[in-house]
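Residues per chain, in single letters:
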Amino acid sequence: MLVTDGNGTILRVNPAFSRTTGFGLDELSPKSWRHLLDTTYTDRETLREVLRARKGNQYWRGELWCRRKDQASFPALVSLSTYHDPLISEARYIIVFSDISHYKQAQAKLAFLSKHDPLTGLSNRDQFRFVLSHRLDTGNPSNLWIYCIGLDRFKSINSSLGDDAGDQILQQVGKRLLTLVGVEHLARLGNDEFAVLTEALEDAEEQASHFAMQLQSILAEPYEIDGRPLFLTAGVGVAHYPDDGAQADDLLQAAQAAMAQAKQSGRQGLKFFSAELTQEARSHIDMIGHLRGARERGEFTLFYQPRLADGSDQLAVEALIRWQSPELGWVSPGEFIPLAEDTGLIGDIGRWVLHEACRQGAYWNDHSLPVRISINLSVEQLRHADIVDDVCQALEASALPPELLELEITETMMAADPEAIITLLRALKNLGVSLAVDDFGTGYSSMNYLKRFPLDYLKIDRSFIEGIPADPDDCAIIRAIVALAQGLKVRTVAEGVETPDQLAYLRALGVDEIQGFLIARPAPADDTETFLRSREPQAHSN
Ligand code: C2E
Ligand code: MG
Ligand code: MG
């Protein structure tokens with residue numbers, strides 16, 4: 001606060017004034033209070049208003065830019081009022097001001113946040129839409145490409161590695177994309193989705209797909225999370241102006257629909273928008289609709305695929321879920337399990353699989369066919385549901401001996417919070433069930449932790465079996481996995497064995513169990529029973 005005489009000459013200041021501005025009274029008196037104003041930032045009209053108010057002895061309140069002793073400017077909320085001192089019968093002006101630079105910074109931050117994504121600092125969806133609309137309205141473009149980029153299986157990475165790691169990945173993705181495209185043409189739409197806008201001189205789809213592949217390859221470089229490398233891929237959907245829409249919203253939707261399709265088609269997918277795509281995206285939504293309540297309506301069944309072990313009487317099968325929808329027909333688990341995971345339906349479906357498999361196993365066991373049944377656990381089940389309780393209950397309800405139950409988890413699940421997973425797996429092991437790592441070789445495992453996981457089986461992924469015995473790389477990988485498993489004293493299972501050559505090669509290497517179409521396809525319980533009884537007629541006839 002400061003007090004001036006009728007001419008505006010400073011007479012008194014309070015300690016808070018000195019603290020804020022750095023000026024003492026001796027440095028200012030007998031200067032005019034206007035000495036404190038920064039006229040470069042305060043606009044002229046405001047200044048005139050203040051002076052008019054002062055002359056007319058009127059109250060004034062507003063924002064002015066002031067200057068500190070070190071010449072730094074700061075915004076201030078100022079009020080001027082007149083005060084008549086009865087003792088000296090002269091007017092005094094009282095000027096009260098407060099430094100509002102913090103508030104201004106907060107305001108600027110809010111303005112920034114309304115247009116940007118706080119995690120990556122990139123534009124958000126609204127801002128991207130605005131830029132795109134503006135480009136369409138005023139730029140009169142002949143040709144624009146909109147790319148929508150989504151990370152493959154990001155959800156499960158987030159679930160298994162934790163939200164912090166997920167955040168780090170998204171930030172790294174943002175930085176990488178910035179090396180290919182200007183900041184104004186890039187946005188994070190939400191979750192793991194990013195959007196890019198480019199303009200091509202000619203209507204060249206080839207150019208656009210080349211650029212999309214560049215986006216994918218820069219995102220496929222390894223990421224470093226807590227000192228460990230992590231590999232990720234991205235699906236890209238592309239929409240074109242003017243073919244796929246005239247408005248920003250339509251174009252964005254088209255690019256997103258194309259991306260959803262790209263991600264459906266496998267890893268590192270790339271799709272251009274087409275009218276059929278909308279149809280497919282719609283069918284995706286339909287599928288979710290039909291999936292809800294499918295369990296209650298009894299539309300799921302379990303098929304069983306035998307696993308054969310050399311020189312052992314132990315019979316084993318893998319339970320694989322099948323969905324027969326009255327509207328859609330047979331839908332493969334590869335299609336609906338990811339949807340069930342996305343929508344949270346997996347908890348209920350997973351519990352059903354567990355109970356049904358245990359019930360069937362107990363039935364076989366009671367009918368002198370002791371078969372070990374393995375079931376697939378989803379990462380979401382490990383994370384959210386109380387899986388130990390669920391397994392306990394399923395074992396109790398069915399009275400299946402625990403040694404006849406096996407749980408399959410994937411490598412990515414183990415990379416999560418390894419210590420926590422070790423504790424969880426030990427608790428499961430304590431129930432007496434066995435544990436297998438599914439699709440081994442496709443994710444990434446820390447060898448250090450692998451030896452601490454209480455594992456019984458490594459299931460070598462089908463993609464490595466395909467190439468043997470001709471492909472030397474696949475052969476080398478399989479030899480390495482078998483050697484690793486033997487070192488860890490873990491048994492091996494080869495998945496997807498289709499030819500006698502593959503079988504011979506795997507047996508020679510010492511792979512413990514074989515699963516694949518060569519032995520038997522997944523089949524309903526009855527057929528599987530017939531198969532199993534015919535394999536071991538002497539030991540398991542009823
Ligand atoms: P997975 O656990 O790796 O299962 C093996 C898949 O390979 C099965 O596909 C099986 O039918 C197929 N397969 C087996 N032998 C051969 C072969 O010789 N050649 C070829 N080409 N394929 C073979 P399916 O039944 O379509 O299941 C796909 C995936 O869906 C499974 O992969 C598993 O990850 C998941 N899944 C299946 N049932 C369940 C379930 O009950 N719960 C959960 N969470 N996931 C499940
Ligand atoms: Mg499996
Ligand atoms: Mg597998």
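Located above this text is the structure these notes cover.
Here's what I pulled together on the structure shown here. (Residues numbered from 1 in each chain as written. Chains lettered and ligands numbered in written order. Predicted model: local features only at pLDDT ≥ 70, side-chain atom pairs only at ≥ 80, totals over all residues. Heavy atoms only, no water.)

1. Considerations on the site of ligand 1
And step 1. Arg322, Asn376, Asp438, Glu498 and Phe517 are the nearest of the 21 residues found near ligand 1.
And step 2. Side-chain polar atom of arginine 462 to a nitrogen atom of ligand 1: 2.9 Å apart, as the coordinates give it.
And step 3. Bound to the protein, ligand 1 loses 81% of the 800 Å² it would expose on its own.
And step 4. Elements represented by at least two residues in the shell around ligand 1 include exactly β14 (315–325), α11 (333–343) and β18 (434–440).
And step 5. Here the shell around ligand 1 takes 4 residues from β14, the largest share from any one element.
And step 6. Across the shell around ligand 1, the residue classes tally to 8 nonpolar, 5 polar and 8 charged. (Near = heavy atom within 4 Å. Polar contact = N/O pair within 3.5 Å; in protein donor to acceptor, adjacent residues only side chain to side chain. Areas by Shrake-Rupley, 256 points an atom, 1.4 Å probe, with all protein chains shown as cover. Helix = DSSP H or I, 4+ residues; strand = E, 2+ residues; numbered from the N terminus. Nonpolar A, V, L, I, M, F, W, Y, C, P; charged D, E, K, R; others polar.)

2. Points about helix α20 (residues 500–509)
And step 1. Considered for burial, the residues of α20 that qualify are Gln502, Leu503, Tyr505 and Leu506. Burial along α20 is one-sided: seen end-on, the buried residues are contained in an arc of 165°. The outward face of α20, more than 90 degrees from its buried face, is lined by the exposed residues Pro500, Asp501 and Ala508.
And step 2. The elements touched by buried residues of α20 are α18 (462–466), α19 (472–488), β20 (491–494) and β21 (513–515).
And step 3. Looking one or two places after α20, you find glycine 510, whose phi comes out positive at around 95°. (Buried < 20%, exposed > 50% of the residue type's maximum accessible area, 1.4 Å probe, protein only. Arc of directions from axis to C-beta. Contact = heavy atoms within 4.5 Å.)

3. Observations regarding the coordination of the magnesium ion (ligand 3)
And step 1. Taken together, the protein ligands of the magnesium ion (ligand 3) are Asp438 (OD), Asp439 (OD), Glu495 (OE) and Glu495 (OE), with distances of 2.0 to 2.5 Å.
And step 2. Read in sequence order, the donor residues for the magnesium ion (ligand 3) give the motif D-D-x55-E.
And step 3. In this structure, the magnesium ion (ligand 3) is positioned 4.0 Å from the magnesium ion (ligand 2), and both are ligated by aspartate 438. Linking aspartate 438 in strand β18 with glutamate 495 in the loop between β20 and α20, this pair joins segments that are 57 residues apart in sequence. Per residue, the accessibility class of aspartate 438 equals that of glutamate 495, and both read buried. (Donors = N, O, S within 2.8 Å, 3.2 Å for Na, K, Ca; no water.)

4. Some thoughts on the packing of helix α5 (residues 125–138) against helix α9 (residues 248–264)
And step 1. Where α5 contacts α9, the axes come no closer than 9 Å and their chain directions differ by 120°. By the criterion of interaxial angle, the relationship of α5 to α9 is oblique. Handedness of the α5/α9 crossing: right-handed. Facing Arg125, Phe128, Arg129, Leu132, Ser133 and Leu136 of α5, the residues of α9 in contact are Ala248, Asp249, Leu251, Leu252 and Gln256.
And step 2. Here the residues of the contact of α5 with α9 are counted per class, giving 6 nonpolar, 2 polar and 3 charged. (Axes fitted to C-alpha atoms, helices over the stretch in contact; angles between N-to-C directions. Parallel < 35°, antiparallel > 145°, perpendicular 65-115°, else oblique. Left-handed = near helix turned anticlockwise from the far one by under 90°.)

5. Focus on the sheet that holds strand β12 (residues 270–272)
And step 1. An order of β7-β8-β6-β11-β12 is seen for the 5 strands of this open sheet, with the pairing classed as mixed. The open sheet has two free edges, formed respectively by β7 (186–190) and β12, since each of these has just one partner strand. Across the sheet, the axes of successive neighbouring strands diverge by a mean angle of 20°, strand direction being ignored.
And step 2. As paired strands, strand β6 (residues 144–151) and strand β8 (residues 193–199) are joined by 7 bridges and run antiparallel to one another. Residue pairing across strands places leucine 144 opposite glutamate 199, the latter belonging to β8.
And step 3. Lying on the sheet, α9 is in contact with β6, β7, β8, β11 (234–241) and β12; it crosses β11 at an angle near 145°. (Pairing = 2+ DSSP bridges.)

6. Remarks on empty space enclosed by the protein
And step 1. Tallying each qualifying case throughout the model produces 2 cavities of 30 Å³ or more.
And step 2. The volume enclosed by the largest cavity comes to roughly 80 Å³.
And step 3. For the largest cavity, the full set of lining residues is Leu2, Thr21, Trp33, Leu36, Leu37, Cys66, Arg67, Val78, Ile95 and Phe97.
And step 4. Looking at the lining of the largest cavity, the elements that each hand over two or more residues are β3 (60–67) and β5 (90–99).
And step 5. Grouping the constituent residues of the lining of the largest cavity by class yields 8 nonpolar, 1 polar and 1 charged. (1 Å grid on protein atoms, 1.4 Å probe; cavity = no way out; pocket = protein on both sides within 12 Å on 5 of 7 lines; lining within 4 Å. Points joined across faces, edges and corners; volume = space filled by probe spheres on them.)

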